[in-house]
Protein chains: 2
Amino acid sequence: MTGKLYGLGVGPGDPELLTLKAHRILTTVPVVAYPATADGGSVARAIVAGFLQPTQIEVPIVLPFSPRESAAAGYDRGAAEIAAHLAAGRDVAVLCEGEPMLYGSFMYLLNRLGDRFPTELVPGISSTLAAADVAQVPLTYRQDVLTILPATLDRPLLRDRLAQTDAAVIIKLGRHFEKVRSVLDELGLTGRSLYIERATLPQQQIRTIDQVDPAAVPYWSLILIPSHSQPGA
Amino acid sequence: MTGKLYGLGVGPGDPELLTLKAHRILTTVPVVAYPATADGGSVARAIVAGFLQPTQIEVPIVLPFSPRESAAAGYDRGAAEIAAHLAAGRDVAVLCEGEPMLYGSFMYLLNRLGDRFPTELVPGISSTLAAADVAQVPLTYRQDVLTILPATLDRPLLRDRLAQTDAAVIIKLGRHFEKVRSVLDELGLTGRSLYIERATLPQQQIRTIDQVDPAAVPYWSLILIPSHSQPGA
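Rules used in this analysis
- Residues numbered from 1 in each chain as written.
- Chains lettered and ligands numbered in written order.
- Predicted model: local features only at pLDDT ≥ 70, side-chain atom pairs only at ≥ 80, totals over all residues.
- Heavy atoms only, no water.
- Patch = residues over 30% accessible without salt bridge, like charges linked within 9 Å, V, L, I, M, F, W, Y side chains within 5 Å.
- Areas by Shrake-Rupley, 256 points an atom, 1.4 Å probe, with all protein chains shown as cover.
- Salt bridge = Lys/Arg side-chain N within 4 Å of Asp/Glu carboxyl O.
- Helix = DSSP H or I, 4+ residues; strand = E, 2+ residues; numbered from the N terminus.
- Pairing = 2+ DSSP bridges.
- Axes fitted to C-alpha atoms, helices over the stretch in contact; angles between N-to-C directions.
- Contact = heavy atoms within 4.5 Å.
- Polar contact = N/O pair within 3.5 Å; in protein donor to acceptor, adjacent residues only side chain to side chain.
- Buried < 20%, exposed > 50% of the residue type's maximum accessible area, 1.4 Å probe, protein only.
- Arc of directions from axis to C-beta.
- Buried area = accessible area lost by both parts, 1.4 Å probe.
- Nonpolar A, V, L, I, M, F, W, Y, C, P; charged D, E, K, R; others polar.
- pLDDT = per-residue confidence, 0-100.
- Phe/Tyr/Trp six-rings, centres within 6.5 Å; stacked < 30°, edge-to-face > 60°.

Taken together, the side chains of Val-43, Tyr-219 and Trp-220 of chain A present a nonpolar region at the surface, about 300 Å² in accessible area. Looking at the secondary structure, you find Val-43 of chain A in helix α2 (residues 43-48).

Take a look at the structure:
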C-alpha cells in the first residue's frame, strides 16, 4: 500500500483560518512537506508551526526564486523525496499558502505526482477573498463580475482587464505598485480601492492608496477594488 | 455592553471545511442566525447542523426568492431581530454559505448593522475555488487572470468576459446552462470546461459539459474553465 498525497491549503496567515479538515490531516500524517527558501524559511510552515508534532518528518521543498530553471529542479527534488515516502506507505501532507489551485505551489507537485499516487486536495482560505473580510468591504453583488489578476501583467493588459470588470483583486504587488496605481488613477478607481498587506496576520495593514509608500510594498500585498453596485436588497 | 456581530463563512458544504475560527465562534455564541426559506429550510444551517448546541437561540432570516422587495423586507426583519439580541449584550453569529463578501447574504446585514455594532467577519471557503480542488484541476498559473462571473449575465457580456480571461468560474448556472454552453462552444472552451454540482457534498457531481442534462442543472452548480497555460516549473 502506497501512502496518500494531500495538498493542504493553509490559508492566508492566521493559523485559526485552517479548516477543520486541514487541521485533522496535518496533525495525523507522518510526513509534512512545504516550499522553503534556501535558508530554510517557509511561509506555509510558519502558519501551522503551532500544530506540528515533534514526531512528524519534515520535507522542505527548496525553491530559489530565480532563475526559473532552478524552481523546476527544486520541485523535481521535492517530488522525488515525497514519492519515496509515499512509496514506503507514508501519507504526506504538502502545505500550500492560501488556496492550492489558485497560483499555488502544490500544482507543480500535482503535475509530478498526481498520476502515480492517490491524491486529495483540501481547499484553503485565499487571501484574495479574505482581504475583503478583514476590510469589511463587500466584493461582489448579484450580477457582478470579479477579476483576480497579478500586478505583474504589462500595463495595457492590466488596464484592459480592470476596465471591464465590476470588482477586482490585484495580487503580487511588490515593485509593481506604481504601475498599478497609475492604471487605477487613469480608470478613476483609486478612490474606492484599498491596499491590504498580510491580511489576517498580526502585521496586517489596510490603507487607502494615497497612504501607501511605493518603496515599502511587499510581494504579499494586494489591492482590492470592491464593486460599485448598489446592494439591491 | 452590546454584543458582537459575527459574519461566519461556513464554506461550500462539507462541515469539515469550516475554519477552526468559525467553529470556535459558532460553538460559543448564544445566538445563531441564518438565511432561510419560508418553510424553514436553510442551506447554511444544514452545513453546520452537527455543531449547533440545544442551548443556542436560533434566528432564521426568512427570505422569499421573489419578488425582490420581499428580500429587503426579510433582511429588515432579520436585522431588527439580530439588533435586539446585540443590544441586550448577546453575541450573534450569522451563517453565510461560502465566503461572506463574495455574493454573500451577510453583506445585506453588514449594510444594515455594521455601523451600529462591533462586527467581525470570518472568511469561508468559497465553492468557486473549492471546485478546483475536488476536480484536482489547477485554476491559474503565474500571470493568469481569473474571472468569477454569474451565468445570469446576458449572452454578449458573458461572451466578452470569457473571451478575455485565462481562467473562469461561472456560478449560479441553473436554467442558464444552455446559454452558457453555447457561449463556450462559440469560444472553443467546451472541451476544457468542467461542470461541478454541489462541490464537497456527498451528492457532488463532476462532469464534462457534454454529460450534463440541461433540464437538471441546479442553482448550486458551476462551470470551471481552468487556465490553458503551461505550468512553467
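What follows concerns the sheet that holds strand β8 (residues 194-197) of chain A. Strand pairs in the sheet, formed through backbone hydrogen bonds, run parallel or antiparallel to each other. As summarised here, the arrangement of the 10 strands in space is β9(A)-β8(A)-β10(A)-β7(A)-β6(A)-β6(B)-β7(B)-β10(B)-β8(B)-β9(B), forming an open sheet in which the pairing is mixed. Strands at the two margins of the open sheet, each flanked by one partner only, are β9 (205-208) of chain A together with β9 (205-208) of chain B. The average undirected angle you get between the axes of adjacent strands in this sheet is 15°. Taken together, the 3 bridges between strand β6 (residues 146-150) of chain A and strand β6 (residues 146-150) of chain B define a ladder with antiparallel strand orientation. Looking at the pairing, Ile-148 of chain A lines up with Leu-146 of chain B of β6 of chain B. The strands touched by helix α7 (residues 177-187) of chain A are β7 (167-171), β8 and β10 (221-225) of chain A; relative to β10 of chain A, the strand with the most contacts, the crossing angle is about 5°. Here helix α6 (residues 155-163) of chain B sits on the sheet in contact with β6, β7 (167-171) and β10 (221-225) of chain B, set at roughly 165° to β6 of chain B.

This paragraph deals with the side chain of Arg-161 of chain B. By secondary structure assignment, the location of Arg-161 of chain B is in helix α6. Within polar-contact distance, the side chain of Arg-161 of chain B engages the backbone oxygen of Gln-164 of chain A at 2.7 Å. Those residues in contact with Arg-161 of chain B that lie beyond four places of it in its chain are Val-145 and Gln-164 of chain A together with Leu-149 of chain B.

What follows covers helix α6 (residues 155-163) of chain A. Residue and element names in this part refer to chain A. Of the positions making up α6, those classed as buried are Leu-158, Arg-161 and Leu-162. Looking straight down α6, one finds that the buried residues subtend no more than 95° of arc, so they occupy a single side. Residues of α6 that are buried make contact with β6, β7, α7 and β10.

The subject of this paragraph is the interface of chain A and chain B. The interface of chain A with chain B comprises 60 residues on the first partner and 60 residues on the second. Around 5200 Å² of area is buried between chain A and chain B when both sides are counted, 59% of it from carbon and sulfur atoms. On the chain A side of the contact with chain B, Glu-16, Leu-20 and Asp-133 of chain A bury the most area, a combined 13% of that side's loss. Across the pair Glu-16 of chain A and Arg-24 of chain B runs a salt bridge, and its minimum N-O distance is 2.5 Å. The interface formed by chain A and chain B contains 28 residue pairs in polar contact (both at pLDDT 80 or more). Along the lines of polarity and charge, the residues of the side of chain A that touches chain B split into 34 nonpolar, 13 polar and 13 charged.

Once that is clear, we can look at the confidence of the model for chain A. Of the residues in chain A, 97% reach a pLDDT of 70 or more, and the chain-wide mean stands at 95. Among the scores for the predicted complex, ipTM is 0.96 and pTM is 0.96.

Moving on to the packing of aromatic side chains. Evaluation of the coordinates by the stated rule reveals 8 aromatic pairs over all chains. Centre to centre, the rings of Phe-177 of chain A and Tyr-195 of chain A are 6.2 Å apart; their planes meet at 90°, and the pair counts as edge-to-face. Linking Phe-177 of chain A in helix α7 with Tyr-195 of chain A in strand β8, this pair joins segments that are 18 residues apart in sequence. Among the residues examined, Tyr-195 of chain A registers a relative accessible area of 0% and is labelled buried. Summarising the aromatic geometry, the rings of Tyr-219 of chain A and Trp-220 of chain A are spaced 5.6 Å apart at their centres and angled 90° between planes, so their arrangement reads as edge-to-face. Connected via pairs of aromatic rings, a cluster forms that spans Tyr-75 and Tyr-108 of chain A together with Tyr-141 of chain B.

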